[in-house]
Amino acid sequence: MQVVNVLKGDGPIVLGQPHGGTFVPADIAARLNDTGRGLSDTDWHINRLYDGLFDGVSVVQSNIHRYVVDANRAPDGASLYPGQNTTTLVPLTDFDGHPIWAEGQTPSADETESRRLAFHAPYHDALRQELERVRDRHGVAILFDCHSIRSVIPYLFEGELPVFNTGTNVGQSCHPAVEQAVHHVAIEADGFSSVLNGRFRGGWTTRHYGRPSEGIHAIQMEIAQRAYMDETPPWTWRDDRAAALRPHLRNMLSRLNELALSGELTNTGAHI
């Protein structure tokens, strides 16, 4: 199994998709318990949701499931949300707080490091190279980090999650115009709720690569899965829901593309 798929586009946008993969090596799968083998915390159908959405984008996809190693966590295991429930570099529980490993099979620190080197590092090597290639071509690169999650997970957040959860690490990971372009589409999307820098302010990917002063802007889009699929097994894709959602995502990418090509991001102090 190839760890990462990379589609090279000729535009200024790179789609990161760290959690769409479902591959678990057989030796690791054998150590998961029944809860873990359900893979419930997958960003189900995220690759399909963005497939063919906007011409010219680059796409970097991890094929490895987040229970093997989470490609959107800090390599050193530092928490992204101190004081709040979350999952770790190699998760020990699912999003509901239930253990995912069979008794006595919890991965050790040495194994966590081995998995990071085997699966986390290749994804980020590929993502970094693609962002640098795009920036070298256009003078700017915009990372649009694609995620989805169940709408109601009391272990992680209260109530029901809005459909569009835009994260920019409270404005630090991108030029204000990037944040505004995406959030404006979200708040104008009829029938869809939205929030900016709410419970999901951007994972390690957004925070690590978002360096506006170096010409790389990063923004995370966490979508509540009810907007395009069933949120219970077998996690069925819903054409009618996706058809209503996808035009808004396309509009976000279109506006980012126009913004990047306009020169505004390189002429206002946010340059290489």
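From a predicted model like this one, the values you see are computed outputs, not experimental measurements.

Looking at the overall build of the chain
Alright, step 1. Along the backbone of the chain there are seven helices and seven strands.
Alright, step 2. At 18 Å, the chain has a C-alpha radius of gyration in line with the 19 Å of a compact globule built from 272 residues.
Alright, step 3. The dimensions of the chain, computed from C-alpha atoms along their principal axes, are 55 × 40 × 35 Å.
Alright, step 4. In the chain, which comprises 272 residues, the share counted as buried stands at 57%.
Alright, step 5. Long-range contacts, defined here as pairs at least 24 residues apart, represent 79% of the contacts in the chain between residues at least 6 apart.
Alright, step 6. When the accessible area of the chain is evaluated, it comes to approximately 11,300 Å², of which 49% is carbon and sulfur surface.
Alright, step 7. Within the chain, the 33 negative side-chain charges are centred at a point lying 2 Å from the centre of the 23 positive side-chain charges.

Description of helix H5 (residues 176–188)
Alright, step 1. The end-to-end C-alpha distance of H5, which contains 13 residues, comes to 18 Å, matching closely the 18 Å that a straight helix rising 1.5 Å per residue would cover.
Alright, step 2. What H5 keeps buried is the set Ala177, Val178, Glu179, Ala181, Val182, His183, Val185 and Ala186.
Alright, step 3. Tucked into the core, H5 has its buried residues touching strand S4 (141–149), strand S5 (164–167), strand S6 (194–196), strand S7 (216–224) and helix H7 (239–262).

Here's the deal with the packing of H5 against H7
Alright, step 1. The interhelical angle for the contact between H5 and H7, taken along N-to-C directions, is 155°, at an axis separation of 9 Å. With respect to H7, the axis of H5 lies roughly antiparallel. Where H5 crosses over H7, the two elements pack in a sense that is right-handed. Together, Ala177, Val178, Ala181, Val182, His184, Val185 and Ala186 of H5 and His248, Asn251, Met252, Arg255, Leu256 and Leu259 of H7 make up the contact between the two elements.

Some points on the nonpolar core
Alright, step 1. In this structure, Tyr50, Phe144, Phe164, Ile223, Leu245 and Leu249 are the most contacted members of the largest nonpolar core, which totals 70 residues.
Alright, step 2. Contributions of two or more residues to this core are made by strand S2 (13–17), helix H3 (46–50), strand S3 (58–62), helix H4 (109–138), S4, H5, S7 and H7.
Alright, step 3. Ranked by residue count, the leading element in this core is H7, at eight residues.
Alright, step 4. Non-local contacts of Leu249, meaning those with residues more than four positions away in its chain, are made with Leu49, Tyr50, Leu53, Phe164, Met221 and Ile223.
Alright, step 5. Formed by 11 residues, the second largest nonpolar core is a distinct cluster that contains Ile149, Leu161, Phe200 and Trp204.

Section: the sheet that holds S5
Think of a sheet as strands paired side by side through backbone hydrogen bonds, with each pair either parallel or antiparallel.
Alright, step 1. If you trace the seven strands from one edge of the open sheet to the other, you get S1-S3-S2-S4-S7-S5-S6, paired in mixed fashion. If you trace the sheet from one side to the other, it starts and ends with strand S1 (4–7) and S6, each paired once. Within the sheet, the average angular offset between the axes of one strand and its neighbour, ignoring direction, is 15°.
Alright, step 2. Judged from the four bridges that link them, S2 and S4 form a sheet pairing that is parallel.

Details of the side chain of Arg135
Alright, step 1. Within the secondary structure, Arg135 sits in helix H4.
Alright, step 2. The side chain of Arg135 sits in the buried core without any salt bridge; Asp136 is the nearest counter-charge, 4.4 Å away.
Alright, step 3. A polar atom in the side chain of Arg135 sits 2.7 Å from the backbone oxygen of Glu214.

A closer look at the pairing of S2
Alright, step 1. Extensive coverage of S2 is indicated by the burial of five of its five residues.
Alright, step 2. Side chains Ile13, Leu15 and Gln17 of S2 all project onto a buried face; the interleaved residues Val14 and Gly16 project onto the opposite face, where all are buried too.
Alright, step 3. In terms of strand pairing, S2 meets S3 through four bridges, oriented parallel. Directly across from Val14, in S3, lies its bridge partner Ser58.

Points about the packing of aromatic side chains
Alright, step 1. Summed over all chains, the structure comprises six aromatic pairs.
Alright, step 2. Judged by centre distance (5.7 Å) and plane angle (50°), the rings of Phe164 and Phe192 are tilted. With Phe164 in strand S5 and Phe192 in the loop between H5 and S6, this pair connects stretches of sequence that are 28 residues apart.
Alright, step 3. Taking the relative accessible area as the measure of exposure, Phe192 reaches 17% and is therefore buried.
Alright, step 4. A cation sits over an aromatic face here: Arg199 above Phe200, 5.1 Å from the ring centre.

Some details on the confidence of the model for the chain
Alright, step 1. Confidence in the prediction for the chain averages 95 pLDDT; 98% of positions are at 70 or higher.
Alright, step 2. Counting interchain partners and residues more than four positions distant, the pLDDT-below-50 stretch residues 268–272 has 16 contacts.

Digging into the environment of Ile153
Alright, step 1. Locating Ile153 in the fold gives a position in the loop between S4 and S5.
Alright, step 2. Ile153 sits 150 residues away from Val3 along the chain, and the two C-alpha atoms are 29 Å apart.
Alright, step 3. Aside from chain neighbours lying at most four places away, what touches Ile153 is Phe95 and Asp96.

Cut-offs and rules
Residues numbered from 1 in each chain as written. Predicted model: local features only at pLDDT ≥ 70, side-chain atom pairs only at ≥ 80, totals over all residues. Heavy atoms only, no water. Helix = DSSP H or I, 4+ residues; strand = E, 2+ residues; numbered from the N terminus. Rg over C-alpha atoms; globule rule 2.2 N^0.38 Å. Buried < 20%, exposed > 50% of the residue type's maximum accessible area, 1.4 Å probe, protein only. Contact = heavy atoms within 4.5 Å. Areas by Shrake-Rupley, 256 points an atom, 1.4 Å probe, with all protein chains shown as cover. Lys, Arg positive; Asp, Glu negative; His and termini not counted. Charge placed at Lys NZ, Arg CZ, Asp CG, Glu CD. Expected span 1.5 Å × (residues − 1). Axes fitted to C-alpha atoms, helices over the stretch in contact; angles between N-to-C directions. Parallel < 35°, antiparallel > 145°, perpendicular 65-115°, else oblique. Left-handed = near helix turned anticlockwise from the far one by under 90°. Core = buried A, V, L, I, M, F, W, Y, C linked by side-chain atoms within 4.5 Å. Pairing = 2+ DSSP bridges. Salt bridge = Lys/Arg side-chain N within 4 Å of Asp/Glu carboxyl O. Polar contact = N/O pair within 3.5 Å; in protein donor to acceptor, adjacent residues only side chain to side chain. Phe/Tyr/Trp six-rings, centres within 6.5 Å; stacked < 30°, edge-to-face > 60°. Lys NZ or Arg CZ within 6 Å of the ring centre and 35° of its normal. pLDDT = per-residue confidence, 0-100.

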